Structure formats: C-alpha cells, structure tokens
There are 2 protein chains.
Amino acid sequence: MFKDLLRYPIIQAPMAGGASTPKLAAAVSNAGGLGFLAAGYKTAAEMKEEINQTRRLTEYPFGVNVFVPGNEVIDESAVAAYRAKIENAAKSVGATIGNGVVDDDDWVNKLTVLKEVKVDLVSFTFGCPESSVLRELQSTGALIAVTVTNLEEAKKAAGAGADVLCVQGIEAGGHRASFENRSEDDHGLLELIRMIKNELELPIIAAGGLMHGKDIAAVLAAGAMAAQLGTAFLRCPESGASPVHKAALNDSRFVQTTVTRAFSGRRARGLVNEFITENGHAAPAAYPHVHHMTKQMRKAAGEKGNPELMALWAGQGHKLSREKPASELVELLMEELKGERFAGMEIRELSMNESAPMHLLLLADPSRDMVEDYLAKGICFIAERAKQFLGVYVLLQKGTDTMEIKNIAVDENHHGKGIGRHLMEHAIGQAREQGYKKLEIGTGNSSIGQLALYQKCGFRIVGVDRDFFTKHYSEVFYENGIQCRDMIRLSRSI
Amino acid sequence: MFKDLLRYPIIQAPMAGGASTPKLAAAVSNAGGLGFLAAGYKTAAEMKEEINQTRRLTEYPFGVNVFVPGNEVIDESAVAAYRAKIENAAKSVGATIGNGVVDDDDWVNKLTVLKEVKVDLVSFTFGCPESSVLRELQSTGALIAVTVTNLEEAKKAAGAGADVLCVQGIEAGGHRASFENRSEDDHGLLELIRMIKNELELPIIAAGGLMHGKDIAAVLAAGAMAAQLGTAFLRCPESGASPVHKAALNDSRFVQTTVTRAFSGRRARGLVNEFITENGHAAPAAYPHVHHMTKQMRKAAGEKGNPELMALWAGQGHKLSREKPASELVELLMEELKGERFAGMEIRELSMNESAPMHLLLLADPSRDMVEDYLAKGICFIAERAKQFLGVYVLLQKGTDTMEIKNIAVDENHHGKGIGRHLMEHAIGQAREQGYKKLEIGTGNSSIGQLALYQKCGFRIVGVDRDFFTKHYSEVFYENGIQCRDMIRLSRSI
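Residues numbered from 1 in each chain as written. Chains lettered and ligands numbered in written order. Predicted model: local features only at pLDDT ≥ 70, side-chain atom pairs only at ≥ 80, totals over all residues. Heavy atoms only, no water.

### Here's the deal with the overall build of chain A
To be explicit about the condition: Helix numbers and strand numbers start at the N terminus; a helix is a DSSP run of H or I with at least 4 residues, a strand a run of E with at least 2. Note on exposure labels: buried denotes an accessible area under 20% of the residue type's maximum, exposed denotes more than 50%, and partly exposed covers the range between, all computed with a 1.4 Å probe on protein chains only. The contact criterion used throughout is that any non-hydrogen atoms of two residues lie within 4.5 Å.
Across its full length, chain A holds 17 helices and 17 strands. Counting across all 494 residues of chain A, residues that qualify as buried make up 60%. Long-range pairs, those at least 24 residues apart, make up 69% of the contacts in chain A between residues at least 6 apart in sequence.

### Quick look at the pattern of salt bridges
All names here are of chain A. Which entries qualify depends on this criterion: The salt bridge criterion pairs a side-chain nitrogen of Lys or Arg with a carboxyl oxygen of Asp or Glu, the two atoms within 4 Å.
The full count for this structure, using the stated rule, is 34 salt bridges over all chains. Across the salt bridge formed by K156 and E152, the nearest N and O atoms sit 3.9 Å from each other. Of this pair, K156 and E152 are both found in helix α6 (residues 151-160), four residues apart, which corresponds to roughly one turn of the helix. Given a relative accessible area of 45%, K156 falls into the partly exposed group.

### Quick word on the pairing of strand β3 (residues 62-67) of chain B
The side chains of a regular strand alternate between both faces of the sheet. Residues and elements named next belong to chain B. Applicable threshold: Crossovers are marked right-handed if the path from the first strand over the helix to the second runs clockwise, as seen with the strands pointing away from the viewer.
Of all six residues in β3, six are buried, a share of seventy percent or more. Side chains F62, V64 and V66 project from β3 onto one buried face, and the interleaved G63, N65 and F67 project onto a second face that is buried too. Handedness of the β-α-β unit built from strand β2 (residues 35-38), helix α2 (residues 44-57) and β3 comes out right-handed.

### So, the environment of E274 of chain A
Counting through the fold element by element, E274 of chain A comes out in helix α11 (residues 274-279). A residue is classified by how much of its surface remains accessible, and E274 of chain A, at 45% relative accessible area, is partly exposed.

### Things to note about the sheet that holds strand β5 (residues 143-148) of chain B
All names here are of chain B. The following threshold applies: Strands are treated as partners if at least two bridges between them are detected by DSSP. With axes taken as lines fitted to C-alpha atoms, and helix axes fitted only over the stretch in contact, angles between N-to-C directions fall between 0 and 180 degrees.
In space, the eight strands of this open sheet follow the order β1-β9-β8-β6-β5-β4-β3-β2, with parallel pairing throughout. Because the sheet does not close on itself, it has two edges, and the strands there are β1 (10-12) and β2. In this sheet, adjacent strand axes meet at a mean angle of 25° when their direction is disregarded. Sitting on the sheet, helix α4 (residues 107-117) touches β3 and β4 (121-125), and the angle it makes with β3 is about 160°.

### What to know about the packing of aromatic side chains
Residues and elements named next belong to chain B. The following threshold applies: What counts as a ring pair is set by centres within 6.5 Å for rings of Phe, Tyr and Trp (its six-membered ring), and what kind of pair is set by the plane angle: stacked under 30 degrees, edge-to-face over 60, tilted for all other angles.
Per the counting criterion, the structure on display carries 12 aromatic pairs over all chains. Taking 4.9 Å as the distance between ring centres and 25° as the angle between the ring planes, the aromatic pair formed by F263 and F275 counts as stacked. Placement of the pair is F263 in the loop between β10 (257-260) and β11 (268-271) and F275 in helix α11 (residues 274-279), with a sequence separation of 12 residues. Comparing F263 with F275 shows no difference in burial state: the two are buried. Judged by centre distance (5.9 Å) and plane angle (85°), the rings of F263 and W313 are edge-to-face.

Right under this line is the structure:
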C-alpha cells in the first residue's frame, strides 16, 4: 500500500535536469519524508547508478520518476521559425542552437532497469504507460504513481491500474505533466483534488506551489494522502540546482512566474526572465525538440552566471522556499503542519513494530467480549491487577529492554481518566523491578496538560504513531467509544 | 472585528448580474453563513432597495459588494474591430451590439447610500478605493473587505486600511478582481493565501473553486478565516441565475471553463461556449465597454434558452455545485467540513450569550488562585458540593429556564475524567428540583464515546461554541493544562 511508504506525508518532488540528486532523495527519506529521483533526460545506466547511490545513503524507500515518451506531430515550419528567432540569444552566450531531435528518453532501457533493481515507487510524467507496463513493474513490488493535471487524465491513469495519482495543480514549478503537450486544461490544486476525489478512490499526492507546513495541512484536509514539494527543496544544499537558479528563486528582480514553452517546447512554469519575455509567445508545441535546441544555450548561460537565458523552473510561492538542509526542512514542515511545538521535544513519526509479540496486557474491568477479542489476537493479559491502572493497558514486548505501556480509557466509567501521576510512578517502579532499562508509554488523545504531566514524570516525547488505533483496533475501541487517532509515544530511562 | 460577523466560516460570494438576490443572501445568513449582495451593474437606488429587502428577511449580518470604477485607456480600434466581429452573433438572437460606453456604476451614489444605511460589511472588487473612502465607511460601523488577486494588491489594500482581504484564486468563477484589467498575474488559491499570510496580518477570506466542506477545511487549514463560495450557491433555488445558466453548470456538453474577456472586456472565468471559442482571443481589454456591447445579446440569448451566447460564469469545479436550498447547502458544507456526523443530530455553531450573568459555579477541588480568579470575574461559586461533580463546572444563567453545565477537568488529578452517567443523572435531578425546564451542558474535548454517553442520557447536540474556552478563559485553563478548543453544547428537556 502506498500509505506504508509514508512516515511523514511529505514527498520531495522529482525535478529532472539536475536538482534531484541521490543526496537530496536520501536526506529526505532519512528525515522521514519520501525522496525522489528524476530519471528524465538521463540514460537508463545513469538512472541505475543514481538508484544504487541512493540506496547506499538510505535504507528507507524512495521513488523514481520517469518521463513517458510522446509521439507528437510537430509543425516543422514553426520549429524552424523559432530556431531563427532564438539563434542570437544562444550566440550571446557563445552557444549554438542544437538540433530539434526526437528521442524516447531511453524509455525501454529504463523500464528494464526498474524491473531489475526493484524500486518501491515509480512515478510517470507526460502520460500514462500501457496497463501491461504498469503490471510488469507492479509484479516486482513497485507501486505506480501517475502524474495527472485534470480529471480525464486521472481516469485514464486509474483505468490503466495506477496505485496512486500525483495530482499537479497549475501552481507547480517545472513541466506541466499533461498527457498531451497541446492541452491547456489547467486547474488550481485544491479544485483538482476535489474533482478527482469525487470520482476516484485512489490515494492522492498533491503537488503545486506547496512551501509551508500549513500548505501541507491544507491539502491533507482536502483529502490528499501526501504533499509533493519541489521548489521548496530546490535551495537545499543537497539539491543539484545550479547556484544561479537557487539564487534567482529568492531574488527580487524575478517577481513573477509564468507557464511557457520557450525552453523545451512543452509548457513549464518558471521565473519570467528575458528569454521567456522575448520568445515565450512564439515557442511551438514541439517536445523534446525545443529542449534539445536550447540545451547548449541554457548550459552556457548557467556557466556564465546569466539567469536570463536559463530555465529557472519555479512553482508559485517560490519566494517562500527556504535554504536549509533537507532534513531540517522536513522537520520544520512537520512542525508547521502539526501547528504545535512541545517545548524542547522532538516529535518524530514512528512506525509500529507490528511483528513484536505483545505479552502482557492489563485491562481495567474489561468486558468479556474484549477479553475474548484480545485472546483471539494472541495477546495474553492479566486483568486482576488492572483496577489499579484505571483504564491503562500495559503491553510488554518480549526480547527487548523496553517496557511499553499503552494508555487508553476503556468504557464510559473510565472515559478519559488518563494516567495519573501515581499511576506513572507505579508503572516506573514496576518496570524497574522487572529489570527493564527503558519505559515507553503510548497515549492516545492526550491533552497538553497530560503531556505536561508525563514530562514532570521524566518522560520525553519520542514520536507519534499516526492512526495506530484506528488501524489496529478500530472495531474494538470505536465500539467502546474511544477515539484514538494518534498515539503519542513517550520514553524515559529507568 | 470581522470574526464577530461569522458564525460559520462560510460566505456566499457576491455575484453581480442577477445571481445574488436578497433571498439568497438572507437564506445563507439565516443558516449561519454570511450572505452577500452584489451591487455591481445596479443603481444605488436598486442596491438600497435590495439591502432593505434583505433586512426584512434576516436579522443577521450580510455583506454588500461594490465595483470600483476604473479609468482605463482603451484601444478604440480594437474595440471597433471586436464590434464588427461579434455583430453577427448578436443578430443571430435578434439583438444588436450596444454602445461601448464608460460608466462608473453609480459609484458616488452607492457610497452615499452605504453610509446612510450602515451595513456590516462592504467588499470591493476591481480595485481598492482611497483610504478616505474606507475610513468614512468604517466610521459608520462597516468592516471593509477588498478583493485581491496577488500579493501586491493585498499590500495596497492593507495600506489603504482594509479590515479583511478577500483572496481570489485563479479557480474562481466570474470576473477576476484584478485592480488592473491588463494584469494577468494569476495565482492558485492555496499559494496566494500563503504568500499573503507570510507578509500581512489581516484576516483572509479565501475564494476560488470551493465547492465542498473539505475545500473549506483546506483553506482554513491554510490559514484563511472563512471561505467564500459563489458557484457552489448558483444552483440554489434562491439564486437569481437564469435557468439556462443553472442547467449549464451541470451539463456534460460544457466540459471546461476558461478565463476570457469575450463578454465584458475584463477577464472572467466561465464555461467555454461558442461565443468564447470564436471571439475570446480577439476580445480587447476594454471594461465596461464590451460589457455594454454584449449586454443585449446575452439577454436575448438567455430568453431564447441559448447558452452559447451567454456569459456562463462558473468557477473550476462547477460540476460539483449542488442544487439545494441555500440553508441545506450551508448545513451540508458544515457537516462535510467537520468530517463527522453524529447520527440524527443537528450541529449548529452558536455564539455565547456573553452578557448573561453566571451565578453558580461548582468546582472540583479548585485551587485558591482559581477561586479568586472566578470571584474577580464576578462569578459566584459553591465549592463545597463540588466533590460530587468530579471536575465539572455548573453554571446557571439567571432569568432563563435553562440550567447550563459546563464540564471541564481541572487539574492533573482530574484530567479528562469527564462527566459520567451518574453525574449526568445527578445534574438532571438537580436541575429538575430547581424548576428548570431545560438542561444544557457544554463539553470541551469530548470523545465520540462521551458524546454517545450524553445521547444515552437523553441529550442532543445543539451546537458548537468554537474557541469558547480559548477565547474566554485561556489563561486559567491553559495554565491548568486544559485544552478546550471547541465547546460542544448539548441540551435536553427535563
């Protein structure tokens, strides 16, 4: 399931052309997000090497994005006219306009490599491959995301068997992922999420102009499962974007972005510079022809530090991109997303160790049904001492040095009684007696006051298990009127 | 304060041209949202009559939107060429192309009327009036909203003294509110909210393609104070949009919207129809000239039921607009926004009666400081019986037949103990003894299970007092570790 790839709902967008490096992808994945490599413009061999590099840098999942080759019918005379129009610009930086050739971006070889190296997530841009292609990749264990810009494309991707939709709003920097180059059916991100959610069940990754944790909160509220941020990561030290490009994102001379075919022959959003202003209106729909034609000019301009002849891809809101190491940016986005800081505490999303057996369960006055339910789940329990615990579950994981307590109020008599100070002290004493070195408690639905109490008892917050209870015990707990969406994990040495 | 005008964070957008009727505005305001009249294209006298009509239909606040006249320099030859181009279209419905005249939309008289009739909220579109104009209206008690489409406009509005910014994303239906007709600096709604919030403190109304409660949740998460929905209300029976327009919004032959100057000479988003397809690219930036030129044609087309020559204004996402009475739509949006339905219960946002004296306060083991704090607030209390109430406050409002209980856990010994069944029964008995006819309880931070318990005790949810505790007692309660963002109100007869 796509959800299983996510610790944080933050995905670093694949940015072809150099920005997305193995270092960036790994840093994001290590920090709790999901990093992405961008295979576009690279050979299959280069892509493979980047996948291997990334794997050396992180043990966590990351994605690989691939461009789907098109077969457009182009207007040769328009391309020739455009060549004539832009020749002087190229000359001005000592470059020439290249041949407007067609290529398939090493498509077949990339698919072969992806099947061979078995990645966790493959996303596609500029179209949706045949179902058979998706199925072959899926059979290697990969999940498939298809980038879509309107409802019609989303339906095609769903029909072809995609696992996830990457929904790209008009705000997004870089290339529009439209299946057809000539499509100009642009949608604001929020509206597009709504239209797609209204008709399709697939999980949604929201992309386009997202810079701040509150933007992520917004797309999650709209129903997306994760947010994909590109421009927000461009200025990270791990990003391979050129220094000129990085500087331009925050340069007051660039006040606006626009969507243009000027650089590649396909619509893409970038900072408005001289090249776009002079040539944007004349650029033909001819991809990748125009990309190849302007390649040398862009490279030469970058080397000369001239932003006016470069493709300065940028999403709307680029001024709010932040120059920070990727791991710090991910943490900051999460803090902004959560909207609450607990003084001096680090909050980290943890994944539950689902395979660890739970050996001891203390229940406060459990009903017969609950007891049977737990027995059926293979959990041993001791109920007789439970009265002292006032609605607290204690679960011990064998074979670790950690004793773990989960705290839940169980029925209407015990609703929200929480885990008082005396109880915490009792638990600490008990864990110490039993030779544990660390005591962890998990608490759902805690108020700030409860958390403050745990702090007073020497605990610090080490993480949040999102949806733990909903996922694992929803039938049991919801029936008993318990609402536990997140489990906050606290830890102390004993 | 703008916030005081809001019971629900839902504003019905002013839609000039007939859709926004007094009936629609009043229905929305009566339902808990904020209705809006659209004075654009009307005379000051017509506006005044509509304000009076609306006041007869609702006691709640509503807004009035006014177009700010521009002084554009137009290209006469382009206007003449456009006239020639569209003459046949007008003829085809038996109409002629009108004179491309300039008018100021009765600007001065409208300001005079607004000062005279003293409305709660005036919003402006197509520009920001001089500070002096804003101040004069503000001196009558009106709050001022200015509609903005980019950060620069937002700064101008803030500088002129606006109280609120209505932030219009590119998704919005109808006219772009750009201060300058020629501006094409379009922004996706989410991104624009972020850019503006990053620099300005003013409250934000978010507008553009919002159709569903989850869209509202998203813009609130992004930091907006309210959502403004236009197209979502177009199909309500109270809306004055023509039947042809209403039908077109949900007609599969209209698959796309676009932004065009075809009908008015100013950019506006509407359903792509024949007139736009044939003339949109040729339409000059000349407002209100082109508006007057196409007026008869649009009217005649509407009467003949021909949507191809009408301005079918529509926001992106229009297919998800719903044909429902405005009050039902507001309730449905609120349900979707909250994301939870309590079976068979109506949830309504209430405003606290702040002037009602609170006469009895029962505290469970209050600290001396807390007692003194309450005394200082003029609240009498009886603490000696409080032990029975385990952290429950009971507040009686004199002179009503309602006894009101507010339930909060007060310190770490009582955290979240909630109000158990025996306690509820005790309270019901006590209220009955004292001759009350209704018992209301307010409960912060309630779990679904607690709410279920109250239901079992015969209570039904009558409302939510948002931010009640945060607003009124934050110092007291937060210091004591209590997190009460919303107060859910329950009521039962006794």
